[in-house]
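# Tertiary structure, described
Take a look at the letters that make up each chain.
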Amino acid sequence: MQQSNNSVRGFVSKLAKSPPDVPRLFVKYFKGDSSSDISSSDYLDATWENYRLLISSIFRNVNAPQISFQTLYEACSNLCCVGEGAELYNHLYDELVVYFVDMRSFLVNMASSNDNFLDYLLKSWRSTCDHIARISEVFIELDRRYALRNTSYRSIRQVRL
């Protein structure tokens with residue numbers, strides 16, 4: 001078993017080589033690994049900052065090259081498998097609420113001072129729908145394993161409503 005783990009680690013380390021200026025996020029799989037030295041809540045805390053950066057970059061229409069959608073998708077799946085779906089959902093929901101409250105304040109201020117408000121509102125709505133769609137691609141496992149069964153929403157995409 002030990003030799004198998006070393007060969008897997010060696011193979012993964014060869015694949016994980018990347019330029020030194022690009023930060024890497026390593027996903028620790030919890031399935032079947034009872035000797036893990038990190039708790040699932042610590043894992044959630046460690047990965048949440050990357051989720052926050054991803055969400056922020058999506059809403060700002062900025063590419064975040066240091067963040068891998070695939071890695072965060074797998075981390076979401078892992079977190080759901082170890083029972084952290086509720087906590088991850090709450091973090092995501094709170095982050096989206098902050099964004100929507102900020103947007104509402106901006107739109108209220110803009111409504112009184114801009115003749116093209118309805119055009120801007122339509123563009124904002126379409127943009128927000130696109131952003132939520134991109135975010136939900138990363139959190140699709142959260143939809144499947146938690147949100148569908150335990151919330152009033154069928155999908156994270158409905159949170160925008």
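The sections below set out a description of the structure shown in this document. For clarity, every value in this text was computed on a predicted model and none was experimentally measured.

## Quick notes on the environment of tyrosine 43
Among the structural elements, tyrosine 43 can be located in helix α2 (residues 40-59). A relative accessible area of 4% places tyrosine 43 in the buried class. In the structure, tyrosine 43 is positioned 41 residues away from glutamate 84 in sequence and 9.6 Å away in space, judged by C-alpha atoms.

## Side note on the pattern of salt bridges
One pass over the structure, following the stated rule, counts 3 salt bridges. A salt bridge links arginine 52 to glutamate 49, with the nearest nitrogen and oxygen atoms 3.7 Å apart. Taken together, the positions of arginine 52 and glutamate 49, both in helix α2 and 3 residues apart, correspond to about one turn of that helix. In this structure arginine 52 comes out as partly exposed when scored by relative accessible area, which is 34%. Notably, a salt bridge pairs glutamate 141 with arginine 144, separated by 2.7 Å at the nearest N-O pair. Separated by 3 residues within a single helix, glutamate 141 and arginine 144 lie in helix α6 (residues 140-150), roughly one turn from each other.

## A short note on α6
Residues Glu141, Leu142, Asp143, Tyr146 and Ala147 constitute the buried set of α6. Elements in contact with the buried residues of α6: α3 (69-81) and α4 (85-111).

## Focus: the packing of α4 against α6
At their nearest, the axes of α4 and α6 sit 9 Å apart, and the two run at 105 degrees to each other. Put simply, α4 runs roughly perpendicular to α6. Side by side, α4 and α6 meet where Gly85, Ala86, Leu88, Tyr89 and Leu92 of the first sit next to Leu142, Tyr146 and Ala147 of the second. In the contact of α4 with α6, the residues fall into 7 nonpolar, 1 polar and no charged.

Definitions and limits used
- Residues numbered from 1 in each chain as written.
- Predicted model: local features only at pLDDT ≥ 70, side-chain atom pairs only at ≥ 80, totals over all residues.
- Heavy atoms only, no water.
- Helix = DSSP H or I, 4+ residues; strand = E, 2+ residues; numbered from the N terminus.
- Buried < 20%, exposed > 50% of the residue type's maximum accessible area, 1.4 Å probe, protein only.
- Salt bridge = Lys/Arg side-chain N within 4 Å of Asp/Glu carboxyl O.
- Contact = heavy atoms within 4.5 Å.
- Axes fitted to C-alpha atoms, helices over the stretch in contact; angles between N-to-C directions.
- Parallel < 35°, antiparallel > 145°, perpendicular 65-115°, else oblique.
- Nonpolar A, V, L, I, M, F, W, Y, C, P; charged D, E, K, R; others polar.

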